[in-house]
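Here is what each chain is made of, one letter per residue.
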Amino acid sequence: MNTAILQPARFNWPRGLGRRVLPGFLTLIAMVLILIVCGIIQPRIWSQNGLTLIMSPIVALAIASMAQMVMMSIGDIDLGIGFFVGMVTTIVATLLRDTPVLGMLALAGAVLAYALLGALVQLRSVPSLIATLGASFVWLGLGLFVLPVPGGMAPDWLFAYAFWKPPLSIPAPLVTMVAATALTWFVTRRTGLGVRFRSLGSNPVALMRSGSSLVVTRMLAYAVVGVLGVLAGITLTAEIGGGDVNAVPGYTLTTVAAVILGGGMFTGGRAVAWGTLAGAITLGLLTVLLTLLSLSSNLQPAVQGFIVIAVLAGRLVVERMTR
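Not measured: the values here are computed from a predicted model. (Residues numbered from 1 in each chain as written. Predicted model: local features only at pLDDT ≥ 70, side-chain atom pairs only at ≥ 80, totals over all residues. Heavy atoms only, no water.)

Draft legend 1. A look at the nonpolar core. Of all hydrophobic cores here, the largest spans 77 residues; its most connected members are Ile54, Phe84, Tyr114, Met177, Ile281 and Leu285. Looking at this core, the element that brings in the most residues is helix H2 (residues 48-73), giving 16 residues. In contact with isoleucine 281, not counting residues within four places along its chain, are Met31, Met55, Ile58 and Met177. (Core = buried A, V, L, I, M, F, W, Y, C linked by side-chain atoms within 4.5 Å. Buried < 20%, exposed > 50% of the residue type's maximum accessible area, 1.4 Å probe, protein only. Helix = DSSP H or I, 4+ residues; strand = E, 2+ residues; numbered from the N terminus. Contact = heavy atoms within 4.5 Å.)

This is the structure:
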């Protein structure tokens, strides 16, 4: 008897493809299922206005998750992204509105500060967790200095964006998220800079032997994180209509979860932009679903955590099947 017939079938995936792609697909399936359930509970969600309403709060989260993805691709984690995005909202709602030139300089200075933070991590061997945690208090302090209490007002062009309706009944937030994801994907997957980022996270010795500077590469990665953080802050300002440095302190852990759900790794070397987008939307839609189910706000974090753990468990099963 041919014993090979009795062996269980195995998937012959290309080397590394399953571990890189399938986790994002699993999260994408979870996202679609949650969206379908939300639509069954409240059919008005399927309209352009309904999708815009539930997607608008997720735009800033999605872009901030892209920033965290770039940070994690080099093997670091940003514990200050929430307060940084909040600080940007205070600048946009005050300086950028009243004195645009000064506001643009302030935002450029914020990106430069991120790049210098990357130099500190590389040159002084400061763990990124410590450096970004310390920087988070700097972002918080600067945000409170610019705008001690929530207030200010978004620039007129941001209000125009907030009420923009694309043709073909496409939700405006979806257009923004897809555009940001496509740009991040291009930088991380189709440019030499993205290759250097992933090499820094997976094999810094080989990167150094290739003639690239580890300091410059890390500074550029942190600068990209700063740019994406600024974009997240701008879109958040459009959503809330003003500035508040404490608007999204929970982004720190949520963005990490979005990256992991999308196929990223804590050890670096991997950047899956579209998977990160699916992870961010999934986490955002969970809040919408639990609200539609009239679940107590005290229980929502526990349920969200359980669902995230279930998706991650499914990811482990998929990865084992594709080895």
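Draft legend 2. Summary view of a nonpolar patch on the surface. A contiguous nonpolar patch, built from Ile29, Val32, Leu33, Ile36, Ile40 and Trp46 and spanning about 590 Å² of accessible area, is present on the exposed surface. One can find leucine 33 in helix H1 (residues 17-41). (Patch = residues over 30% accessible without salt bridge, like charges linked within 9 Å, V, L, I, M, F, W, Y side chains within 5 Å. Areas by Shrake-Rupley, 256 points an atom, 1.4 Å probe, with all protein chains shown as cover. Salt bridge = Lys/Arg side-chain N within 4 Å of Asp/Glu carboxyl O.)

Draft legend 3. Here's a closer look at the pattern of salt bridges. For the structure shown, the criterion picks out two salt bridges. A salt bridge links arginine 218 to aspartate 76; its shortest N-O distance comes to 2.6 Å. Highlighted residues: arginine 218 in helix H11 (residues 214-240) and aspartate 76 in the loop between H2 and helix H3 (81-93), separated in sequence by 142 residues. A salt bridge links aspartate 156 to arginine 97, with the nearest nitrogen and oxygen atoms 3.5 Å apart. Remark: arginine 97 occurs in helix H4 (residues 95-98) and aspartate 156 occurs in helix H7 (residues 156-162); sequence separation between them is 59 residues. On the accessibility criterion, aspartate 156 (57% relative accessible area) is exposed. On the accessibility criterion, arginine 97 (30% relative accessible area) is partly exposed.

Draft legend 4. Spotlight on the confidence of the model for the chain. Chain-level pLDDT for the chain is 87 on average; 91% of the residues reach the 70-or-more range. Predicted confidence is poor over residues 3-11, with pLDDT under 50, and the contacts of this stretch with residues over four places away or in other chains come to three contacts. (pLDDT = per-residue confidence, 0-100.)

Draft legend 5. Quick peek at the environment of alanine 258. Inspection of the secondary structure assignment puts alanine 258 in helix H12 (residues 251-261). The buried category is assigned to alanine 258, whose relative accessible area is 0%. If we ignore the near neighbours within four places in the chain, the residues touching alanine 258 are Ser65, Gly275, Thr276, Gly279, Ala280 and Leu283.

Draft legend 6. Representation of the environment of phenylalanine 84. Considering the arrangement of structural elements, one finds phenylalanine 84 in helix H3. Here the alpha-carbon distance between phenylalanine 84 and alanine 64, two residues 20 residues apart in the chain, equals 9.8 Å.

Draft legend 7. Summary view of the packing of aromatic side chains. The final tally for this structure, using the stated rule, is five aromatic pairs. Their ring planes at 55° and their centres at 5.2 Å tell us that phenylalanine 25 and tryptophan 274 sit as a pair that is tilted. With phenylalanine 25 in helix H1 and tryptophan 274 in helix H13 (residues 273-292), the pair connects residues that are 249 residues apart, well separated along the chain. Judged by its relative accessible area of 41%, phenylalanine 25 falls in the partly exposed class. A centroid spacing of 5.5 Å and a plane angle of 15° characterise the contact between tyrosine 114 and tryptophan 139, whose relative ring orientation is stacked. One end of the pair, tyrosine 114, is in helix H5 (residues 100-123); the other, tryptophan 139, is in helix H6 (residues 128-146), and 25 residues separate them in sequence. Considered together, tyrosine 114 and tryptophan 139 belong to a single accessibility category, that of buried residues. Members of the aromatic cluster, joined through ring pairs, are Phe84, Tyr114, Trp139 and Tyr222. (Phe/Tyr/Trp six-rings, centres within 6.5 Å; stacked < 30°, edge-to-face > 60°.)

Draft legend 8. Structural detail: H3. Along its 13 residues, H3 runs 18 Å from first to last C-alpha, staying within 8% of the 18 Å computed at 1.5 Å per residue. Within H3, the full set of buried residues consists of Ile81, Gly82, Phe84, Val85, Gly86, Met87, Val88, Thr89, Thr90, Ile91, Val92 and Ala93. (Expected span 1.5 Å × (residues − 1).)

Draft legend 9. Structural context of unusual backbone geometry. Here the phi dihedral of serine 125 falls at roughly 55°; this positive angle occurs in a residue that is not glycine. Here serine 125 is to be found in the loop between H5 and H6. What makes serine 125 exposed here is its relative accessible area of 61%.

Draft legend 10. A look at H11. Its 27 residues give H11 an end-to-end C-alpha distance of 39 Å, which sits within 8% of 39 Å, the value for a rise of 1.5 Å per residue. Two to three positions downstream of the cap, the backbone nitrogen of valine 215 sits 3.4 Å from a side-chain oxygen, assigning the N-cap of H11 to serine 213. Positive phi appears at glycine 241, one or two residues downstream of H11, with a value of about 80°. (Polar contact = N/O pair within 3.5 Å; in protein donor to acceptor, adjacent residues only side chain to side chain.)

Draft legend 11. Local environment of the environment of tyrosine 114. Accessibility expressed as a relative area gives 1% for tyrosine 114, which makes it buried. Separated by 166 residues in sequence, tyrosine 114 and alanine 280 have C-alpha atoms that sit 23 Å apart. Excluding residues that lie within four positions of it along the chain, tyrosine 114 makes contacts with Met71, Asp78, Gly80, Ile81, Phe84, Trp139, Tyr222, Val225 and Gly226.

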